[in-house]
Amino acid sequence: MYQRRRLRIRLRQAREQAGMRQKDVAVAMDWSLSKLLRIEAGTVGISVNDLKILLQYYGITDPQDVASLVDMARVSYRELGWWSPYREAISAQFQEFLGHESSASQIRNFEPLMVPGLLQTEEYAAAVLANYAEPHTQRLLELRKERQEKIFRTGEKELHFILDENVISRTVGDKRVMRQQLRMLQEVTSLPHVTLRIIPFSAGVYPYWDLPYVIFEFPVPDDGAVLYIERAKNQTFITNEGPGERGVYSPARFLEKFWQLEQLATLEDAPRMVDRALGRFLDEPN
């Protein structure tokens, strides 16, 4: 997904720099207009042969540039993501999410209501999924476990989580489930590539306090960031492909808000808050 996104951005830029309209390119390539639109939208890949012809038409002949774009096309057109065995259980949009997650070098995640998926125990995740009557619950649990293993196995990605105190206060499942979940959060805070902050109730209402979101940043800065916003089943991707874009729902704006939230919740406070929450769930032995 990441390579397809990189490729589509560069192909669109190449067409615009050549001063060509999508309709004219489609006619010249003997394609339907919808094919070109899908390639530039990143919903389909492009074969290496089609790409080479398209690059010639755009006047891109530098061997190094061509080789780089061809490599992107090979990866995006042929390779399946590790999550492909689970495709029957997840939406196309969540597959795109997993593609960005796999390719990102930094992931920033704010959650106001529940523990982020990457940090959920199996029993906590099962309790959450039970409320949605998911037909593929077991497959989704297997997917989540494999996803966590891939992310945490190498420790190559920087992971930054900010939670509202509500997340560690609400009972999900029962007290035993919450005890296991909170202990997992305790373990996470000791990992060198993971940061965990918790915004206390005393902070009151703050920017986007009720909106879960994830920001993906990639190894190549010019590729920009991707913002993922989740509202129940209505999941949204917003990409920032223009320099200095600061729209209401741009990744750049949400990065600024995320940094502001970091000022409301220090790293030192999180372990103490998790310990205190764990104490409340130790009251009864269920």
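Structure: above.
One structure accompanies this document, and this report is about it. (Residues numbered from 1 in each chain as written. Predicted model: local features only at pLDDT ≥ 70, side-chain atom pairs only at ≥ 80, totals over all residues. Heavy atoms only, no water.)

### What about helix α10 (residues 175–188)?
Our working rule: Helix and strand labels come from DSSP, where a helix needs a run of H or I of at least four residues and a strand needs a run of E of at least two; each type is numbered from the N terminus. A helix's residues, less one, multiplied by 1.5 Å, set its expected span. Using a 1.4 Å probe on the protein chains alone, a residue whose accessible area is under 20% of its type maximum counts as buried, one over 50% counts as exposed, and one in between counts as partly exposed. Two residues qualify as a contact provided that any one of their heavy atoms is within 4.5 Å of a heavy atom in the partner residue. By the criterion applied in these results, polar contacts are pairs of N or O atoms within 3.5 Å in which, for protein atoms, one can donate a hydrogen and the other can accept it, and in which residues neighboring in sequence qualify only through two side-chain atoms.
Helix length check: α10, at 14 residues, gives a terminal C-alpha distance of 20 Å against a target of 20 Å (1.5 Å per residue), a fit within 8%. Listed as buried for α10 are Lys175, Val177, Met178, Arg179, Gln181, Leu182, Leu185 and Val188. Residues of α10 that are buried sit in contact with α7 (122–130), β2 (158–164), α9 (165–169), β3 (194–199) and α12 (269–281). A distance of 3.0 Å separates the backbone nitrogen of arginine 176 from a side-chain oxygen at the start of α10, and that oxygen is part of aspartate 174.

### Some points on the environment of proline 63
Mapped onto the elements of the fold, proline 63 is located in helix α5 (residues 63–78). With relative accessibility at 63%, the residue proline 63 sits in the exposed group. Distance in space between the C-alpha atoms of proline 63 and leucine 98 is 32 Å, their sequence separation being 35 residues.

### Comments concerning the nonpolar core
Note the threshold: Take the buried Ala, Val, Leu, Ile, Met, Phe, Trp, Tyr and Cys residues and link them wherever side-chain atoms come within 4.5 Å; each set so joined is a nonpolar core.
If you look at the biggest cluster of nonpolar residues, it comprises 47 residues, and the most contacted ones within it are Phe97, Leu143, Leu182, Leu185 and Phe216. With 6 residues, α12 is the single largest residue contributor to this core. Setting aside its immediate chain neighbours within four residues, leucine 182 contacts Ile168, Val274, Ala277, Leu278 and Phe281. In this structure, Met29, Ile46, Val66 and Met72 belong to the second largest nonpolar core, which totals 20 residues.

### Regarding the pattern of salt bridges
The criterion, for reference: Take a side-chain nitrogen of Lys or Arg and a carboxyl oxygen of Asp or Glu: if they are within 4 Å of each other, that pair is a salt bridge.
Across all of its chains, the model carries 14 salt bridges by this definition. Of the charged contacts, one joins glutamate 123 and arginine 176 as a salt bridge, the two residues approaching to 2.8 Å between their closest N and O atoms. Remark: arginine 176 occurs in helix α10 and glutamate 123 occurs in helix α7; sequence separation between them is 53 residues. Judged by relative accessible area, which is 34%, glutamate 123 ranks as partly exposed. Judged by its relative accessible area of 33%, arginine 176 is partly exposed. Members of the salt-bridge network, linked through shared partners, are Glu88, Arg139 and Glu142.

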